[in-house]
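If you want the building blocks of each chain, they are given just below.
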Amino acid sequence: MLKTDPDRVRRAIYRPFCKRWTYYDEVITHRLYQQGSMFPVFGEWSNVAIVYTQPGSQKPFMACAVSTLPDLHFVGAAAGTECLPFYRYEDGRRRENITDWAVDQFKGYYGSRSRRAITKEAIFQYVYAVFHDPAYRDKYKVNLKRELARIPFYADFWAWTNWGKVLLEIHLGYETAKLAPLKRIDIRDSRSRDADVSVAPVLRADPSQGTIEVDAETTLSGIPPDAWDYRLGNRCALEWVLDQHKEKTPKDPTVRENFNTYRFEDYKESVIDLIGKVTTVSIETVEIVRAMKKAPR
């Protein structure tokens, strides 16, 4: 039996850079897994987790940082995800999830070569960078499909740590990212306006032209080629934003008749704003990944 509890209404990240509201309770959520120990329902807490592609998934390996509940199928069907949180919450206490043993392994390998003390936070940042390394993904492609990801020791620990730190800041802070200088073209849809009906949403990208057709009236242009290269699963980040804001007809008749209230026109301006921010995030991510390709390992 479900008893409404306002504290269980949670902000969750459903798909890359797309948040939704959810009711976090075992009656509604099919499987809670260990999410309660990462993002507790009650009390004061903060956390960051690396969401990465689960072994056995059919989609390419990806990783993204989240600070709130992520969906199991973060990049859609046929690809489960797992979480590596920085903290765990148990019995009302917060514990760091990276063990002292792991710290000893890093200190033992880098020893006196390390420019400063290796911390758990630095290791977390290092891991996030490694997960974005194209060479790592290619070399261990088969392993990542069948077992828990393993972490190599690269030549310059702090170079990778710094990249990871910046990537975490970029991906976690996407909602406050600078807007990319995209050109907006608005042409009035006279037929829809004169008939007093909603302008038809389109949300279609054309990477070859660097454009996104938002709806029958608005087109965005000037999207750099690099923006399309930041991929999570089988879509780029911008395509996830477009997909998640389309109007879709629910299959369930009860949901369709009573709860299908989403209309794109109500969110059009916020979506255009999000497109500009995710364009910036994508370009900055690709620049860092490009620099990784030249780093010694």
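Above this note sits the structure.
Thresholds, definitions, all that
- Residues numbered from 1 in each chain as written.
- Predicted model: local features only at pLDDT ≥ 70, side-chain atom pairs only at ≥ 80, totals over all residues.
- Heavy atoms only, no water.
- Helix = DSSP H or I, 4+ residues; strand = E, 2+ residues; numbered from the N terminus.
- Rg over C-alpha atoms; globule rule 2.2 N^0.38 Å.
- Buried < 20%, exposed > 50% of the residue type's maximum accessible area, 1.4 Å probe, protein only.
- Contact = heavy atoms within 4.5 Å.
- Axes fitted to C-alpha atoms, helices over the stretch in contact; angles between N-to-C directions.
- Parallel < 35°, antiparallel > 145°, perpendicular 65-115°, else oblique.
- Nonpolar A, V, L, I, M, F, W, Y, C, P; charged D, E, K, R; others polar.
- Core = buried A, V, L, I, M, F, W, Y, C linked by side-chain atoms within 4.5 Å.
- Pairing = 2+ DSSP bridges.

Visitor: An account of the overall build of the chain is needed here, citing residue identities and associated values.
Guide: A tally of regular secondary structure across the chain gives 10 helices and 14 strands. Taken over the C-alpha trace, the chain has a radius of gyration of 21 Å; the compact-globule value for 297 residues is 19 Å, and the two agree within 12%. Counting only C-alpha atoms, the chain reaches 75 × 55 × 35 Å along its principal axes. Scored against the burial criterion, the 297 residues of the chain give a buried share of 44%. Here the contacts in the chain between residues at least 6 apart in sequence split such that 65% fall between residues at least 24 apart.

Visitor: With reference to specific residues and values, describe the packing of helix 6 (residues 157-172) against helix 10 (residues 268-292).
Guide: It is the contact of helix 6 with helix 10, at a shortest axis distance of 10 Å, that shows an interaxial angle of 170°. Judged by the inter-axis angle, helix 6 sits roughly antiparallel to helix 10. Contacts between helix 6 and helix 10 involve Trp-160, Trp-163, Val-166, Leu-167, Ile-170 and His-171 from the first element and Val-281, Glu-284, Thr-285, Ile-288, Ala-291 and Met-292 from the second. Counted by class, the contact of helix 6 with helix 10 contains 9 nonpolar, 2 polar and 1 charged residues.

Visitor: Before we move on, could you go through the nonpolar core and cite the residues and values that matter?
Guide: Formed by 83 residues in total, the largest nonpolar core has its most connected members in Phe-17, Phe-131, Phe-157, Leu-232 and Ile-275. For this core, the element with the most residues is helix 10, which contributes 10 residues. Excluding anything up to four places from it in sequence, Leu-232 contacts Pro-16, Phe-17, Met-62, Ala-63, Cys-64, Val-75, Ala-237 and Trp-240.

Visitor: Account for the sheet that holds strand 11 (residues 211-215), with residues named and values stated.
Guide: Across the sheet, which stays open at both edges, the 4 strands sit in the order 9-12-11-10 with antiparallel pairing between neighbours. Two strands lie at the open edges of the sheet, namely strand 9 (183-186) and strand 10 (201-206), each paired on one side alone. This sheet shows a mean twist of 15° between the axes of neighbouring strands, independent of strand direction. Two elements, strand 10 and strand 11, share 4 bridges in a ladder whose sense is antiparallel. Residue pairing across strands places Asp-206 opposite Thr-211, the latter belonging to strand 11.

Functional significance is not addressed by these values, which are geometric in nature.
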